[in-house]
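Spelled out from the first residue to the last, the chains are:
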Amino acid sequence: MFSIKGIPAAPGIVIGKAYKIGREEFTVPRLEIKQEEIPLQIQLFEEALIQTRKEIIDLQKRIAADMGQEPAQIFDAHLLVLEDRMLIEEVISRLKKDRLNVAYIFSEVLKHYIEVFSKIEDEYLKERIVDINDVGKRILRNLLGKKRIGLEEISERVVVVAHDLSPSDTAAMHKKNVCGFVTDIGGKTSHTAIMAKSLEIPAVVGAESATQKIKAGDMVIVDGNTGLIILEPDEETLKLYQSESEKLRGITRKFLEQKDLPAVTKDGKAIEISANIELPEDVPAISVHGGQGIGLYRTEFFYMNRKGLPTEEEHYQAYKYVAEEMNPHSVIVRTIDLGGDKFLSQLEMPQEMSPFLGWRAIRFCLARPEIFKTQLRAILRASVHGKLKIMYPMVSGIEELQQANAILKDCKEELKREGKPFDDKIEVGAMIEVPSAAITADLLTAEADFFSIGTNDLIQYSLAVDRTNEKVAYLYDPAHPAVLRMIKSIIDAAHNAGIWVGMCGEMAGDPAFAMILLGLGLDEFSMPPQVIPQIKYIIRSVTIKEAKVFAQQALKLSTGKQVEEFSQAKLKQVLA
Ligand code: PEP
Ligand code: MG
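Residues numbered from 1 in each chain as written. Chains lettered and ligands numbered in written order. Predicted model: local features only at pLDDT ≥ 70, side-chain atom pairs only at ≥ 80, totals over all residues. Heavy atoms only, no water.

### A closer look at the overall build of the protein
Next, step 1: Scanning the protein from terminus to terminus reveals 23 helices and 16 strands.
Next, step 2: Judged by the C-alpha coordinates and their principal axes, the protein covers about 80 × 70 × 40 Å.
Next, step 3: By residue count, 54% of the 576 residues in the protein fall in the buried class.
Next, step 4: Taking the contacts inside the protein whose residues are at least 6 apart along the sequence as the reference set, 69% of them involve residues at least 24 apart.
Next, step 5: Charge centroids of the protein, computed over 72 positive and 84 negative side chains, lie 2 Å from each other. (Helix = DSSP H or I, 4+ residues; strand = E, 2+ residues; numbered from the N terminus. Buried < 20%, exposed > 50% of the residue type's maximum accessible area, 1.4 Å probe, protein only. Contact = heavy atoms within 4.5 Å. Lys, Arg positive; Asp, Glu negative; His and termini not counted. Charge placed at Lys NZ, Arg CZ, Asp CG, Glu CD.)

This is the structure in structure tokens:
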């Protein structure tokens, strides 16, 4: 028995036989063709494009029917690749010039595209490589008349082990007998991981040496909660995980059955549970999981996947839609948080040595007020269609908050002059995600109606751990006493000034910390929709009094490990 550690991508535990899928490498023949064969090669290419389009649309329909619109939309990007005129024209012009078979020309053009995209320092374009690769392979398969060997032929319940899986491979697993999967590469937020979560298939990605160490037919345990893969487990370990897995399944069912019960503690304190979204398309998933409002709408994704900047009208239509859909529940629109690990080619943001400490979020908005104002005006205009709130990211001190509010005031005056209606009393909040803001939270209350703690950044800045660097990931610890103390002081400062405080970092959706945060007095928890049922359940299972005592005890511990163990033990008790 031995184990491999990877990155947990989709929760749950599975035990099964490994089914290995080899890397899909095509051997594409290089054949010279005659001038008169060119039309036939072009026809072959067109047919392959049509066939690929049909396959993707079929897959998209199936996923939409089985899993809903959100995961199906991943394939919109694939369809766009098929319509890429530049790619198609390059293949045809090289075909005419080089007089080689179209499959070979296409594979060369594809390679070149991927090379060029890999060199561009733009997160969005980098992500597109996955899509281009995925669609490119489909087209090649169709040009060569091949099928991907593997997923279609699985006839018993297995754990798929692969170097990498594309989103469409993952989707193809649906209704097949795949009970879990492991990949050598990939990150927590890749489309493949998102898809695995939607399919509710436990998965571990980034398990570097998995395909070397696991043999076909090996018995493996995949723990999608911890990222641990255990090979050839002994009898005792097997039994332990079998019972754990059974328990987990039962618990998830129980949470979902009760998702619509209110998030009220046993002694009657109501807690706001809201969702984090990236795109308006994410809205339907909220009610499916029993969520009520939106605590973080990450609007920067709106600036991606497009050539120019969005206009005020485009912003307005998006916010109006979300406001109306969520009404009467509130929607906190976070103003653009670009920079850090999110860049836009059209904004010509400079490359920086330390982008997370650089020109990002509110700093960028204050320096480019015309871009900031377009968004603020749109939020204000959309505020008459529901209950919108505004939130600024990366605030480091009161001056930034004052400057942002002054620009907001200008926007309000402009709209008044133009006779355009808006909610003049719209709440304005600050994200607390920089240690200087956390320490001066009492001062910031003068300029904010609420706070939302962004633990994803707050932890990286407080502990000096780059949140995207897997080498120091072991130091990234939400349970660190410094983090807990900081959260406590932010909540106390907000309450002393009579304003409410939420949390929209991933920590708010981590069941292990729900009790501590509740006990520290957090008013609102905002998280990815899928975890809402469990957090609501935990809140309903305790009293505020009990949570307060628990939080006080946790604050006395001196290491993150102790806090984590203490919290896990309490969670087990609560969920028992
Ligand atoms: C955070 O930093 O906790 C947060 C919610 O914002 P983001 O993850 O978008 O930086
Ligand atoms: Mg942040």
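Read on for the rest.
### Here we look at the domain arrangement of the protein
Next, step 1: Entries for the protein in the domain assignment read domain 1 (2-23 + 150-237), domain 2 (35-144) and domain 3 (255-575).
Next, step 2: Computed from C-alpha atoms alone, the centre-to-centre distance between domain 2 and domain 3 is 38 Å. (Domains from an automatic or database assignment.)

### Some words on the nonpolar core
Next, step 1: In this structure, Tyr392, Phe451 and Phe525 are the most contacted members of the largest nonpolar core, which totals 105 residues.
Next, step 2: Excluding its chain neighbours within four sequence positions, the residues that come into contact with Tyr392 are Thr335, Ile362, Phe372, Leu376, Leu401, Ala404, Asn405, Leu408, Val428, Gly429, Ala430 and Met431.
Next, step 3: Core analysis: the second largest hydrophobic core is formed by 37 residues, Ile38, Phe75, Leu95 and Tyr104 among them. (Core = buried A, V, L, I, M, F, W, Y, C linked by side-chain atoms within 4.5 Å.)

### Some remarks on the sheet that holds strand S2 (residues 7-10)
What links the strands of a sheet is backbone hydrogen bonding, and the strands pair in either a parallel or an antiparallel sense.
Next, step 1: Strand order in this open sheet of 8 strands is S1-S8-S7-S3-S4-S5-S6-S2, and the pairing throughout is mixed. Looking at the sheet topology across the chains shown, the edges are occupied by strand S1 (2-5) and S2. Neighbour to neighbour, the strand axes of the sheet diverge by 30 degrees on average, direction disregarded.
Next, step 2: As judged from the 2 bridges shared by strand S5 (residues 178-183) and strand S6 (residues 203-205), these two strands associate in the parallel manner. By the bridge assignment for S6, Val182 is matched with Val204.
Next, step 3: Its contacts with the sheet place helix H10 (residues 235-257) against strand S3 (13-21), strand S7 (219-223) and strand S8 (228-231), and it is angled at close to 110 degrees to S3. (Pairing = 2+ DSSP bridges. Axes fitted to C-alpha atoms, helices over the stretch in contact; angles between N-to-C directions.)

### Remarks on the site of ligand 1
Next, step 1: Close to ligand 1 lie 15 residues; Arg298, Glu433, Gly454, Asn456 and Arg467 are nearest.
Next, step 2: A distance of 2.9 Å separates an oxygen atom of ligand 1 from a polar atom in the side chain of Glu433.
Next, step 3: Residue Gly454 places a main-chain N or O atom 3.3 Å away from an oxygen atom belonging to ligand 1.
Next, step 4: For ligand 1, whose free accessible area comes to 290 Å², the fraction covered by protein is 99%. (Near = heavy atom within 4 Å. Polar contact = N/O pair within 3.5 Å; in protein donor to acceptor, adjacent residues only side chain to side chain. Areas by Shrake-Rupley, 256 points an atom, 1.4 Å probe, with all protein chains shown as cover.)

### Section: the coordination of the magnesium ion (ligand 2)
Next, step 1: Coordination of the magnesium ion (ligand 2) by the protein comes from Glu433 (OE) and Asp457 (OD), over a distance range of 2.0 to 2.1 Å. Of this pair, Glu433 sits in the loop between strand S13 (427-432) and helix H16 (435-439) while Asp457 is found in helix H18 (residues 455-462), placing the two residues 24 residues apart along the sequence.
Next, step 2: Residue Asp457 is classed as buried on the basis of its relative accessible area of 2%. (Donors = N, O, S within 2.8 Å, 3.2 Å for Na, K, Ca; no water.)

### Looking at the environment of Thr455
Next, step 1: Note on placement: Thr455 falls in helix H18.
Next, step 2: On the basis of relative accessibility, which here comes to 1%, the residue Thr455 falls in the buried class.
Next, step 3: Between the C-alpha atom of Thr455 and that of Ile432, which follows or precedes it by 23 residues, the distance is 8.1 Å.
Next, step 4: Beyond its immediate chain neighbours, meaning those up to four positions away, Thr455 contacts Tyr476, Ile487, Met503, Gly505, Glu506 and Met507.

### Some words on the packing of aromatic side chains
Next, step 1: Throughout the structure, instances matching the rule amount to 7 aromatic pairs.
Next, step 2: On the numbers, 4.6 Å between centres and 5 degrees between planes, the contact of Phe450 with Trp500 is stacked. Here Trp500 lies in strand S15 (residues 500-503) and Phe450 lies in strand S14 (residues 450-453), a separation of 50 residues in the sequence.
Next, step 3: One Lys or Arg, Arg381, reaches over the ring of Tyr316 and ends 4.1 Å from the middle of that ring. (Phe/Tyr/Trp six-rings, centres within 6.5 Å; stacked < 30°, edge-to-face > 60°. Lys NZ or Arg CZ within 6 Å of the ring centre and 35° of its normal.)

### Side note on helix H20 (residues 511-520)
Next, step 1: Within H20, 10 of the 10 residues are buried, leaving the element largely enclosed by the surrounding structure.
Next, step 2: In this structure, the buried side of H20 is in contact with helix H19 (481-496), S15, strand S16 (524-527), helix H21 (532-541), helix H22 (544-555) and helix H23 (560-575).
Next, step 3: Phi turns positive, to about 100 degrees, at Gly521, one or two residues after H20.

### Remarks on the sheet that holds strand S9 (residues 272-277)
Next, step 1: Spatial ordering of the closed barrel is given by S9-S10-S11-S12-S13-S14-S15-S16, a layout of 8 strands whose pairing is parallel. Taken pair by pair, the neighbouring strands of this sheet meet at an average axis angle of 25 degrees, ignoring direction.
Next, step 2: Relative to S13, strand S12 (residues 387-392) runs parallel, the two being bridged by 4 bridges. Looking at S13, one finds that Lys389 is bridged to Glu427.
Next, step 3: Contacting S9, strand S10 (293-298), strand S11 (330-334) and S12, helix H12 (residues 312-326) crosses the sheet at an angle of about 160 degrees to S10.

### Let's talk about the side chain of Thr299
Next, step 1: Within the secondary structure, Thr299 is located in the loop between S10 and H12.
Next, step 2: When sequence neighbours within four positions are dropped, the list of residues in contact with Thr299 reads Tyr319, Val333, Arg334, Thr335, Ile336 and Gln375.

### Re the packing of helix H14 (residues 369-382) against helix H15 (residues 398-417)
Next, step 1: Running from amino to carboxyl end, H14 crosses H15 at an angle of 60 degrees, the nearest separation of the two axes being 9 Å. Comparing their axes, H15 and H14 come out oblique. For the pair H14 and H15, the sense of crossing is right-handed. Along the contact surface, H14 presents Pro369, Phe372, Lys373, Leu376, Arg377, Leu380 and Arg381, while H15 presents Ala404, Ile407, Leu408, Asp410, Cys411, Lys412, Glu414 and Leu415. (Parallel < 35°, antiparallel > 145°, perpendicular 65-115°, else oblique. Left-handed = near helix turned anticlockwise from the far one by under 90°.)

### Overview of the pairing of S8
Next, step 1: Pairing between S1 and S8: 4 bridges, direction antiparallel. Note on S8: the bridge partner recorded for Lys5 is Leu228.

### Here's the deal with the pairing of S10
Next, step 1: Burial within S10 is extensive, with 6 of its 6 residues counted as buried.
Next, step 2: Bridge count for S9 against S10 is 4 bridges, and the pairing is parallel. In the sheet register, Asn276 faces S10, and the bridge partner there is Leu296.

### Looking at H10
Next, step 1: In a regular helix each residue adds 1.5 Å, so 23 residues correspond to 33 Å; H10 covers 33 Å between its end C-alpha atoms and thus fits that length.
Next, step 2: Residues of H10 that are buried include every one of Thr237, Leu238, Tyr241, Ser245, Ile251 and Phe255, and no others.
Next, step 3: Of the surrounding elements, those touching the buried residues of H10 are S3, S7, S8, H21 and H23. (Expected span 1.5 Å × (residues − 1).)

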